[in-house]
Amino acid sequence: MATPRNAGVALVGLLVCNLPSVHAQAPEIGGLLPAGGPRGTATQVRIDGKNLAGSKIWVTGAGVSVKSVQVAPSGDTLTANIAVEPGALLGPHEIRITNPKGVSNGSRFWVDVYPNHVIEKPMAEGAEPILLNPMAPVVINSRIAARAGRDRFTITAQAGDVWVFDCFADRIRSRFDPVMELRDEAGVSLRLVQSTWESDPRFRHKFAKAGRYTLIVRDSEYKGGPGHTYRLLTGKLPYVESFSPRGQQSGQSLNLALNGPDLGVRSASVAIPAGAPSGTFWAEVHPEPGEPVLVPLLVCNDTVLNAGSSSAVQPLLALPTSVDGMFTSSSKARFSFKAAAKARILFDLVARRIGSRIDGHIRVVDIAGKELAANDDAAVLSKEARVEFTAPADGEYFVEVRDVEEKTGPDCYYRLKASTVEPDFKVSIATDRLTVAKGATLAVPVTVERIGGFTGPVEVWIDGLPAGLTAAPITVPADKPIELKIVATADAQMLASEVHIRGKAAIGGKTITREAPAWDKYEHRSIDLLLSVEYTYTRPFHIWEQLLLSVTEAPPPKK
């Protein structure tokens, strides 16, 4: 994934005006309430923000559509009727707003299969807690609207009852950094669970005795506001701590081994639809007893080896390949492979990026055990490991992956991606939206990263421009600066369009095309000083599916 922070890249071009001022008057999404809904229903969603007059709502993903929009006279709130078809894609759907003032920031609407309950008004501190129904799971949709605010829920449990609590915040791109605390009738804290590394907290609790218990949901820094929304999935649900393999190629079926306490059925068959794009596909599985659960499957183009929890040396499949494994009895795994002299192989250990709690490490050794390459924390991945290995001679080698903290358990899983380093390139932009005024020119900053010794030219262009806008394709020579200029005529229509910035190059007799994803950085949700020393943690970023371009009114002439 290319980002402007990758080592060895050259940032080329500058915007005519900097992005904060360009977006200053654009519509702004503070938060959605509710930030999702179940399949087969219509959901009334309130969006709080700024400059919302004249809004059009854009939603990504199949099966979700906007039926109506009503904007309050103040322009700071709108209500949208969002319809979710029975076969809608599960998981996140991106939401953005456009109007004559520009394009908003992004948010997410989450589609699942559970009944939803919305807390319309902030819960007053002296109010009675909300009683949760022990008979059926539910998704609570709420917002911590003010500083020091907190939501409280009552659970009437019998001895031996098992409840699951899963708080969605980062998954819906909320500013909320949730803390969940479970207390008994005497006010004694039984569990306190907080998010880490931009993840969301979840836990399972088995009640030792019958009684009334209280669940408290608050922000880690006691903050609140329109953007502090969350979705709390709770009830007597199956608790899947992990599963393997983590995914497969599109169009393939796989049999998942499910790990978790109290699961009656520990396997599930899942099919990934043909044509599913690379990334995350949310699948519904039914681990009896109880309700269905959603699991995030990784869709890739590689063959996948399911290594399970075995500590025995296993051979890698032909490259490119991915290995899905778990550290349950040992915090180390080793895989053998053969390589020709000077062959270059990239090993990428994916763990915290997919919710695992391991701090990964990679090393490559020869047949005698001599270490030839190693990495603990990659420069742009924080607590993730990535290493490039060049074989010194023809022969057999071993790649070893481990958790430096030597943790084991069902939530200590990983995916090891192995691929030969081939000539290639990546194109990226330092923004998640584009705005150009009528009669003006916008110069878009572009980053071209050349990989694997590729030094040739890259042609960059933009697809999807509406009438009245033009942008001449630009050929980017090696190590030369460039600007992709979007020109709007004085009579261009004030509307928004989905656009795509792409690059192509001739490599090895083939034309290779790459697309620049919409990209934005944001402030992290925690002030944990131990975490904030990590450069990538203090500068986290989102990759978005959709890149929107808006044409706005020409600014008044300067006096």
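Just so you know, the residues in each chain are numbered from 1, in the order the chain's sequence is written. Only residues with pLDDT of at least 70 are given local features in this predicted model, and only at 80 or more are side-chain atom pairs given and counted; all residues enter the totals for whole chains, interfaces and linings. To get the side-chain values, all heavy atoms of the structure are used, and hydrogens and water are removed first.

A.B. asks: Quick one: what's the story with the overall build of the chain, residue by residue and with numbers?
C.D. replies: Secondary structure follows DSSP: runs of H or I at least 4 residues long count as helices, runs of E at least 2 residues long count as strands, and numbering of each begins at the N terminus. A tally of regular secondary structure across the chain gives 3 helices and 50 strands. In summary, the chain has a C-alpha radius of gyration of 25 Å against a globular reference of 24 Å for 559 residues, a match within 12%. Each principal axis of the C-alpha atoms in the chain carries an extent, and together these give about 75 × 70 × 45 Å. Summary of the burial criterion: residues with accessible area below 20% of their type's maximum are buried, those above 50% are exposed, and those between are partly exposed, where the area comes from a 1.4 Å probe applied to protein chains only. Sorting the 559 residues of the chain into buried and exposed places 51% on the buried side. Contacts between residues were defined by any pair of non-hydrogen atoms, one from each residue, lying within 4.5 Å. The long-range fraction of contacts in the chain, counting pairs at least 24 apart against all pairs at least 6 apart in sequence, stands at 68%. Shrake-Rupley sampling with a 1.4 Å probe provides the accessible areas, and residues are treated as covered by the protein chains on show and by no other component. For the chain, the accessible area works out to roughly 24,600 Å², and carbon and sulfur atoms hold 52% of it. Charge counting treats Lys and Arg as positive and Asp and Glu as negative, with His and both chain ends excluded. By convention, the charge on Lys lies at NZ, on Arg at CZ, on Asp at CG and on Glu at CD. Side-chain charges in the chain split into 61 positive and 60 negative, and the spacing between the mean points of these groups amounts to 2 Å. It is over C-alpha atoms that the radius of gyration is taken, and the globule rule equals 2.2 Å times the number of residues to the power 0.38.

A.B. asks: Explain the sheet that holds strand β19 (residues 211–219) residue by residue, including any values.
C.D. replies: One requirement defines pairing of two strands: DSSP has to find at least two bridges between them. The 5 strands are arranged β12-β14-β19-β16-β17 in an open sheet whose pairing can be described as mixed. The open sheet has two free edges, formed respectively by β12 (130–131) and β17 (189–194), since each of these has just one partner strand.

A.B. asks: Break down the pattern of salt bridges for me, with residues and values.
C.D. replies: Throughout this description, the term salt bridge denotes a Lys or Arg side-chain nitrogen within 4 Å of a carboxyl oxygen of Asp or Glu. Tallied over the full model, the rule gives 29 salt bridges. Sharing partners across several salt bridges, the network here consists of Asp-166, Arg-171, Asp-200 and Arg-202.

A.B. asks: I'd like a rundown of unusual backbone geometry, residues and numbers included.
C.D. replies: Of the consecutive residues Leu-33 and Pro-34, the connecting peptide bond is found in the cis state with omega at -5°. Counting through the fold element by element, Pro-34 comes out in the loop between β2 (28–33) and β3 (36–38). For the bond running from Ser-244 to Pro-245, omega is 0°, close enough to zero to count as cis. Within the secondary structure layout, Pro-245 lies in the loop between β21 (242–244) and β22 (247–249). A positive phi angle is found at Asp-262, which is not glycine, with a value near 65°. Among the secondary structure elements, Asp-262 is positioned in the loop between β23 (253–259) and β24 (267–271). Judged by its relative accessible area of 47%, Asp-262 is partly exposed. The phi dihedral of Lys-342 is positive, around 70°, even though this residue is not glycine. For Lys-342, the location among the structural elements is in the loop between β30 (332–339) and β31 (344–350). Look at Lys-342 and you get exposed, because its relative accessible area is 70%.

A.B. asks: Quick rundown of the environment of Val-427? Include the residues and the values.
C.D. replies: Position of Val-427 relative to the elements: it lies in strand β37 (residues 424–429). For Val-427 and Val-448, which are 21 residues apart along the polypeptide, the C-alpha to C-alpha distance reads 4.8 Å.

A.B. asks: I'd like a rundown of the nonpolar core, residues and numbers included.
C.D. replies: Among buried residues, the Ala, Val, Leu, Ile, Met, Phe, Trp, Tyr and Cys ones that are joined through side-chain atoms within 4.5 Å form a nonpolar core. Counting residues in hydrophobic clusters, the biggest one holds 47 residues, and the most contacted among them are Phe-109, Leu-256 and Leu-297. The element that contributes the greatest number of residues to this core is strand β26 (residues 293–300), accounting for 5 residues. If you look at the next biggest cluster of nonpolar residues, it comprises 31 residues, including Leu-442, Val-444, Val-458 and Ile-507.

A.B. asks: Quick rundown of the packing of aromatic side chains? Include the residues and the values.
C.D. replies: For Phe, Tyr and Trp, where Trp contributes only its six-membered ring, two rings pair if their centres lie within 6.5 Å, and the inter-plane angle classes them as stacked under 30 degrees, edge-to-face over 60, or tilted in between. Taken as a whole and judged by the stated rule, the model has 13 aromatic pairs. Aromatic side chains Phe-425 and Phe-454 sit 6.1 Å apart centroid to centroid with 40° between the ring planes, which places their arrangement in the tilted category. Remark: Phe-454 occurs in the loop between β40 (446–451) and β41 (458–463) and Phe-425 occurs in strand β37; sequence separation between them is 29 residues. Neither Phe-425 nor Phe-454 differs from the other in exposure class; each is buried. An aromatic cluster of at least three residues, connected via ring pairs, comprises Phe-337, Phe-347, Phe-389 and Tyr-397. Any Lys NZ or Arg CZ found within 6 Å of a ring centre and within 35 degrees of that ring's normal is scored as a charge over the ring. Of note, Arg-246 hangs over the ring of Tyr-413, and the distance from its end group to the ring centre comes to 3.9 Å.

A.B. asks: Describe the sheet that holds strand β11 (residues 116–118), and please don't skip the residues or the numbers.
C.D. replies: Taken in spatial order, the 5 strands line up as β11-β13-β20-β15-β18 in an open sheet, and their pairing is mixed. The sheet is open, and its two borders are formed by β11 and β18 (202–206), each paired with just one other strand. The average undirected angle you get between the axes of adjacent strands in this sheet is 20°. Taken together, the 5 bridges between strand β15 (residues 162–168) and β18 define a ladder with antiparallel strand orientation. The partner of Trp-163 across the bridge, within β18, is His-205. Under this scheme, a helix contributes an axis fitted over its contacting stretch, all axes are lines through C-alpha atoms, and angles between N-to-C directions fall in the 0 to 180 degree range.

A.B. asks: Got a sec to walk through the side chain of Lys-438? Specific residues and values, please.
C.D. replies: Within the secondary structure, Lys-438 is located in the loop between β38 (433–437) and β39 (441–444). Among residues more than four places away in sequence, those in contact with Lys-438 are Ala-488, Thr-489, Ala-490, Asp-491, Ala-492, Met-494, Val-551, Thr-552, Glu-553 and Ala-554.

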